[in-house]
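Spelled out, the chains give:
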Amino acid sequence: MQTPHTPWIRPEPLPGFVETEHLVLRWWQPEDAAALHAAVASDRAALLPWLPWAATTHATIEDSAATIAFFTEKRDLGEDYTMGAFDRTTGEAVGGTGFHRLVPEAEEAECGYWIRGSRQREGLCTEMTRAILTAGFRDWGFRRIHLTCAGGNMGSRGVLAKIGIPQEGCDRQARWIEGVGYDDHLHYGVLAHEWDLDAQAMRVPTE
Ligand SMILES: CC(C)(COP(=O)(O)OP(=O)(O)OC[C@H]1O[C@@H](n2cnc3c(N)ncnc32)[C@H](O)[C@@H]1OP(=O)(O)O)[C@@H](O)C(=O)NCCC(=O)NCCS
């Protein structure tokens, strides 16, 4: 007989703090507005064309403050969980991650990420993603976490390949990306039992 189905409910208190070797992941706070603004506005081109919001948002520090207030509201409503990533040593805002597009009945969330231009190619996204997946399965109680990216986004694909997250699908030419044109929409996913919490890595399949 099928066991009764229990949808995901968010843990209380929310596990909104993660430490890695080089980073602290935590909720954006009102006092981070200038740091968030700088992380985006100092090099918008480094986030484009893959994050279209980087072209127009965060025009001023006040805009970034309003964005942080929006993140906080969404978190408190249980609709979206957006976190900042900060350099553990200097406190610099280096990027963002979090859990989005929650599907409680599937005990599932989407994980996203970005790293500011001046800190790309240091391995930070790989480190951050390993840590947020670990927190997602261990502390948040997700059964499945999915990630998506555009076919031409070699940086994002590189992170996913480095961690070994399996690609599950491809919606061919399903996205319009300004400056690129139509591109594939790639789907990746990890199930809780596939993730080694101690190693922060995909489990090596055993026969
Ligand atoms: C994608 C992104 C988050 C990667 O962050 P990062 O911290 O630079 O990634 P890492 O340093 O962990 O890179 C991991 C691997 O990905 C690959 N990679 C990263 N950036 C790359 C690039 N620009 N071109 C080709 N491969 C790249 C490499 O294989 C790299 O490993 P290596 O440096 O040992 O060769 C960052 O480039 C970014 O924010 N891009 C713009 C926004 C974006 O695309 N967000 C994701 C939307 S799905």
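The structure we're discussing is the one just above.
Procedures and definitions
Residues numbered from 1 in each chain as written. Predicted model: local features only at pLDDT ≥ 70, side-chain atom pairs only at ≥ 80, totals over all residues. Heavy atoms only, no water. Axes fitted to C-alpha atoms, helices over the stretch in contact; angles between N-to-C directions. Helix = DSSP H or I, 4+ residues; strand = E, 2+ residues; numbered from the N terminus. Parallel < 35°, antiparallel > 145°, perpendicular 65-115°, else oblique. Left-handed = near helix turned anticlockwise from the far one by under 90°. Contact = heavy atoms within 4.5 Å. Phe/Tyr/Trp six-rings, centres within 6.5 Å; stacked < 30°, edge-to-face > 60°. Buried < 20%, exposed > 50% of the residue type's maximum accessible area, 1.4 Å probe, protein only. Lys NZ or Arg CZ within 6 Å of the ring centre and 35° of its normal.

1. Some details on the packing of helix H4 (residues 124-138) against helix H5 (residues 154-163)
Now for step 1: Between H4 and H5, the shortest axis-to-axis distance is 10 Å and the interhelical angle comes to 55°. Classed by the angle they form, the pair H4 and H5 counts as oblique. Pair H4 / H5 crosses with right-handed handedness. Contact with H4, carried on its side by Cys125, Thr126, Thr129 and Arg130, involves Val159, Lys162 and Ile163 of H5 and no other residues of that element.

2. Brief notes about the packing of aromatic side chains
Pairs of aromatic rings are described using the distance from one ring centre to the other and the angle between the two planes.
Now for step 1: Inspection of the entire model under this criterion finds ten aromatic pairs.
Now for step 2: Relative to Trp140, the ring of Tyr81 lies with its centre 4.9 Å away and its plane at 65°, an arrangement referred to as edge-to-face. Note that Tyr81 is positioned in strand S3 (residues 81-87) and Trp140 in the loop between H4 and strand S6 (144-150), a separation of 59 residues in sequence.
Now for step 3: Residue class for Tyr81 comes out buried when judged on its relative accessible area of 1%.
Now for step 4: Judged by its relative accessible area of 2%, Trp140 is buried.
Now for step 5: A connected cluster of aromatic rings, assembled from ring pairs, spans Trp8, Trp27, Tyr81, Phe99, Trp140 and Phe142.
Now for step 6: A cation over a ring is seen here: Arg26 above Phe86, with NZ or CZ 3.8 Å from the ring centre.

These figures come from the coordinates and say nothing about function on their own.
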